[in-house]
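Residues per chain are reported as follows:
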Amino acid sequence: MLLDQLSTLSHPERMRVFRLLMRRCPDAVPAGEVADVLGFKPSTTSVYLSALQKVGLIGQTRVGTSLRYAVDLHGAREMVAQLFLDCCNGRPDLCPPAMVDPSTRIESMSDQKHDVLFICTGNSARSIFAEAIMRSEASERFNVFSAGTKPSSELNPFAVEMLQQKGIDTSDLRAKNVAEFQGDDAPHLDFVFTVCDLAANEECAPWEGQPISAHWGLPDPVKAEGTDAEKRLAFQQTYGAMRNRILAFANLPLHTLSRASLQQEVDEIGRTKED
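Read on for an overview of the structure. Quick caveat: nothing in here was measured; it's all calculated off a predicted structure. (Residues numbered from 1 in each chain as written. Predicted model: local features only at pLDDT ≥ 70, side-chain atom pairs only at ≥ 80, totals over all residues. Heavy atoms only, no water.)

Glancing now at the overall build of the protein. Helix and strand counts for the protein stand at ten helices and seven strands. In the protein, buried positions account for 41% of the 275 residues. Look at the contacts in the protein between residues 6 or more apart in sequence, and 70% of them connect residues 24 or more apart. Approximately 14,600 Å² of the protein is accessible, and the part contributed by carbon and sulfur atoms is 51%. (Helix = DSSP H or I, 4+ residues; strand = E, 2+ residues; numbered from the N terminus. Buried < 20%, exposed > 50% of the residue type's maximum accessible area, 1.4 Å probe, protein only. Contact = heavy atoms within 4.5 Å. Areas by Shrake-Rupley, 256 points an atom, 1.4 Å probe, with all protein chains shown as cover.)

Bringing the nonpolar core into the picture now. Side chains that are nonpolar tend, in soluble globular proteins, to be buried together. Within the largest apolar cluster, 50 residues are counted, with the highest numbers of intra-cluster contacts made by F118, F129, M134, F193, W216 and F249. The set of elements that each furnish at least two residues to this core consists of strand 4 (114-120), helix 6 (126-138), strand 5 (142-148), helix 7 (157-165), strand 6 (191-194), strand 7 (212-215), helix 9 (228-250) and helix 10 (259-270). The contacts of F193, once residues within four sequence positions are left out, are V116, L117, F118, I119, A214, W216, F249 and V266. (Core = buried A, V, L, I, M, F, W, Y, C linked by side-chain atoms within 4.5 Å.)

Positionally, A260 belongs in helix 10. For A260 and I212, which are 48 residues apart along the polypeptide, the C-alpha to C-alpha distance reads 9.5 Å.

Across the sheet, which stays open at both edges, the four strands sit in the order 5-4-6-7 with parallel pairing between neighbours. Sheet topology places strand 5 and strand 7 at the edges, where each strand pairs with a single neighbour. For this sheet, the mean angle separating the axes of adjacent strands, direction not counted, is 15 degrees. Sheet contacts for helix 6: strand 4 and strand 5; angle to strand 5, the most-contacted strand, approximately 170 degrees. (Pairing = 2+ DSSP bridges. Axes fitted to C-alpha atoms, helices over the stretch in contact; angles between N-to-C directions.)

Moving on, we come to the pairing of strand 6. Burial along strand 6 is two-sided: F191 and F193 and V192 and T194, pointing in opposite directions, are all buried. Across four bridges, the pairing between strand 4 and strand 6 is parallel. Of the residues in strand 6, the one forming a bridge with I119 is T194. As judged from the four bridges shared by strand 6 and strand 7, these two strands associate in the parallel manner. Counted as the bridge partner of F193 is A214 from strand 7.

Next up on the list: helix 6. Helix length check: helix 6 (13 residues) gives 18 Å between terminal C-alpha atoms against 18 Å at 1.5 Å per residue, within 8%. For helix 6, a buried count of ten out of 13 residues is recorded, marking the element as mostly surrounded by other parts of the structure. Burial in helix 6 covers these residues: R126, S127, I128, F129, A130, E131, A132, I133, M134 and A138. In this structure, the buried residues of helix 6 make contact with strand 4, strand 5, helix 7 and helix 9. (Expected span 1.5 Å × (residues − 1).)

Listed below in structure tokens is the structure:
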């Protein structure tokens, strides 16, 4: 099976499909979205998805009339484990960079504050909500930032209005590029969360230090149509859903969780249905 899996992934376009689904993990992504993001024809996408499914690297579910695909974490872990044993004889020092032991614990929250980055495309609403809410609710435990892969020139006025109505200071908030958080002078990030599907779909270089990452995708309130009252309702719903996720994360007993357990917890928070 290992050789079949490696052979399947050796095809550049099949690898692109697998990497996209891995970036969206644990989400199940519609086949049409995979095709749109990667610029493939639907028929070509089906062939690639079928090949990955055949070797146990992805799974398929049906939601209504839509087929959705997600990484089969068990199959992917088995592939990596077999490769690790075959290639390195189980010795992480022989396969740089050193593999992270899932049983290791992150540093105690009593020793330091942890740095958290929220990413979306425009950095004008959802990630700004996340940054502002976490600063308001848990600034004593976290240093929190937000950024965009294609940041807007200014924050969305409905987002700013919503935060101000909640009594949250917006004077220091601004749209930022993810480049500010890469390089030697950037904060050492412990957690990186994407909060929009477009940002999660984008391929970017791995983050230094292997921060724990997850996808907390929420609908974009900026795209809401109708009256101002209807638009404000969309922002209210996004704010409420984001706040619930922030509070769930802030209440995790980080100092008692292994890295693997913590990853499961933040993935589960991302599965929370919007209010």
